[in-house]
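A look at the structure
So the chains spell out like this:
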Amino acid sequence: MYGAVISEYGGSSVLKYKDSLDEPKPKANQVLVEIRASSVNPIDLMKREGYGKSVFEKQRSNSFPWILGSDFAGTIKEVGSKVSRFSKGDEVWGCTSDPNRGCYAQYGVFNQDEVDFKPSNISFNEAASLPYVALTTWAALIRWATLRPQDIQNKKVFIQAGAGGVGTFAIQLFSSWNCNIATTCSNKNRKLVEELGAQTVINYLEQDFSSVLTDYDIVLDSIGDLGEEGVMNKCIKVLKPLDTSHYITLNHPLVRTMDDKGVLLGLPHALYLRQKVKRENKPINVHWSLYRPSLSGLQELNKLVSEKKVKPVIDSVFSLKDINLAHDKVGTGHSSGKVVIEM
Ligand SMILES: NC(=O)c1ccc[n+]([C@@H]2O[C@H](COP(=O)([O-])OP(=O)(O)OC[C@H]3O[C@@H](n4cnc5c(N)ncnc54)[C@H](OP(=O)(O)O)[C@@H]3O)[C@@H](O)[C@H]2O)c1
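The rules behind these values
- Residues numbered from 1 in each chain as written.
- Predicted model: local features only at pLDDT ≥ 70, side-chain atom pairs only at ≥ 80, totals over all residues.
- Pairing = 2+ DSSP bridges.
- Helix = DSSP H or I, 4+ residues; strand = E, 2+ residues; numbered from the N terminus.
- Contact = placed C-beta atoms within 7 Å.
- Near = placed C-beta within 6 Å.
- Nonpolar A, V, L, I, M, F, W, Y, C, P; charged D, E, K, R; others polar.
- Domains from an automatic or database assignment.
- Axes fitted to C-alpha atoms, helices over the stretch in contact; angles between N-to-C directions.
- Buried ≥ 20, exposed ≤ 12 C-beta atoms within 10 Å, placed from the backbone.
- Arc of directions from axis to C-beta.

Considerations on the pairing of strand 4 (residues 71-79)
- Pairing of strand 3 (residues 30-40) with strand 4, which is carried by 6 bridges, proceeds in the antiparallel orientation. Residue pairing across strands places Val31 opposite Val79, the latter belonging to strand 4.
- As defined by bridge partners, strand 4 adjoins strand 5 (residues 91-95) across 5 bridges and the pair is classed as antiparallel. Bridge pairing in strand 5 links Gly74 to Val92.

So, the environment of Ser39
- Summarising the element assignment, Ser39 is placed in strand 3.
- Put simply, Ser39 and Pro131 are 92 residues apart on the chain and 9.6 Å apart in space, counted from C-alpha to C-alpha.
- Excluding residues that lie within four positions of it along the chain, Ser39 makes contacts with Asp71, Ala128, Ser129, Lys338, Val339, Val340 and Ile341.

Points about the site of the ligand
- In the neighbourhood of the ligand, 31 residues make up the surrounding shell, with Ala163, Gly164, Gly165, Ser186 and His334 lying closest.
- Of all the secondary-structure elements, those providing two or more residues to the shell around the ligand are helix 1 (42-48), helix 4 (131-144), helix 6 (165-176) and strand 9 (180-185).
- Here the shell around the ligand gets 3 residues from one element, more than from any other, and that element is helix 6.
- Partitioned by chemical class, the residues of the shell around the ligand number 14 nonpolar, 17 polar and no charged.
- Taken domain by domain, the makeup of the shell around the ligand includes at least three residues from each of domain 1 (3-130 + 312-342) and domain 2 (132-288).

Details of the sheet that holds strand 10 (residues 200-203)
- Judged by pairing direction, the sheet is parallel, and its 6 strands sit side by side in the order 10-9-8-11-12-13 without closing on themselves. On the outer flanks of this sheet lie strand 10 and strand 13 (285-288), each paired with one strand and no other. Within the sheet, the average angular offset between the axes of one strand and its neighbour, ignoring direction, is 15 degrees.
- In this sheet, strand 9 lies alongside strand 8 (residues 156-160) in parallel orientation, the contact comprising 4 bridges. Across the sheet, Phe158 pairs through a bridge with Ala182, a residue of strand 9.

Quick notes on helix 12 (residues 323-331)
- Taken together, the buried positions of helix 12 are occupied by Ile323, Ala326, His327 and Val330. Buried residues of helix 12, seen end-on, are gathered within an arc of 100 degrees and therefore sit on one face of the element.
- On its buried face, helix 12 is in contact with strand 1 (3-5), strand 2 (16-18), strand 3, helix 1, strand 14 (314-319) and strand 15 (338-342).
- At the exit of helix 12 stands Gly333, carrying a positive phi of roughly 75 degrees.

Right, here's the structure in full:
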């Protein structure tokens, strides 16, 4: 089969297209999917450069070659002996957390609980743009902040970086819950985020959001500790000083601390840092969020897309042979929505 692999860490040039890779075989609880499209997430670029190697290398049976990529949309080619939910030819989508192999390839094997039927009203390219960013947002709210959709209805929500993959999905999700949404982006993306449902749009190049926003219930921060010094404190300042307020960041020191100190010393140190920021910001709840798979989240996403409450937002489409250009595009940090890979 064909696919794109890395055999060392580095810039986008380490991504190599190959057409003689071994086709994977599904285990009993897995399906083999012919992947029609995938998409690029910033975590792919970070893994390519060696981020998280203290953790991810331990989870892989061989360090290299390594196929990156989380999202997939395609058709079922084969099902494992314990799989009854799917049949050959079904159109599916999902997102893999398999540490050994990802989705920048012609075929992938996926655990059946990370796969669901693709909504029929969107294309494979569109479908591949959503699962990772949607399940990241779902995990942030439901798993880490332990909120329920009914807790979020009508809340005031601030989303940092509304024009990215996560932001464009999150605006639509909160909008489906009738939230009042503020977000940051540059001028070129103002119209996009307004159309998706943001009521207050702040051009971060001209205005400091913390001097404008006040009395918010939830902050979903896609910048976090990758941003300027003190960005977390600024976000927390826009929240009501109550125990019903939640600051959720997608960028925090957990994995980097383990990379720096090793897992044995780094994990307890990172947990100590997390406890410290939680304590210092009481009564406001502070959460360090991580992507987690969720079949119920994927099924909810299907409903939202089928009911046209969420639409895919695609910045650009690249062929797998141009995977390095697709990575460079995401690497600018200024794509609008998702960069899709067509197989
Ligand atoms: N913890 C986790 O499990 C997890 C999961 C998913 C993502 N993440 C992280 O979350 C972040 C967002 O992911 P993504 O997929 O949405 O990334 P993305 O699509 O690459 O985000 C690009 C967007 O960021 C906006 N942006 C850049 N600098 C900004 C700033 N200073 N203020 C406001 N907006 C800014 C850009 O808007 P303009 O072009 O208008 O500037 C652009 O639209 C990434 O850092 C990613 O690593 C973490």
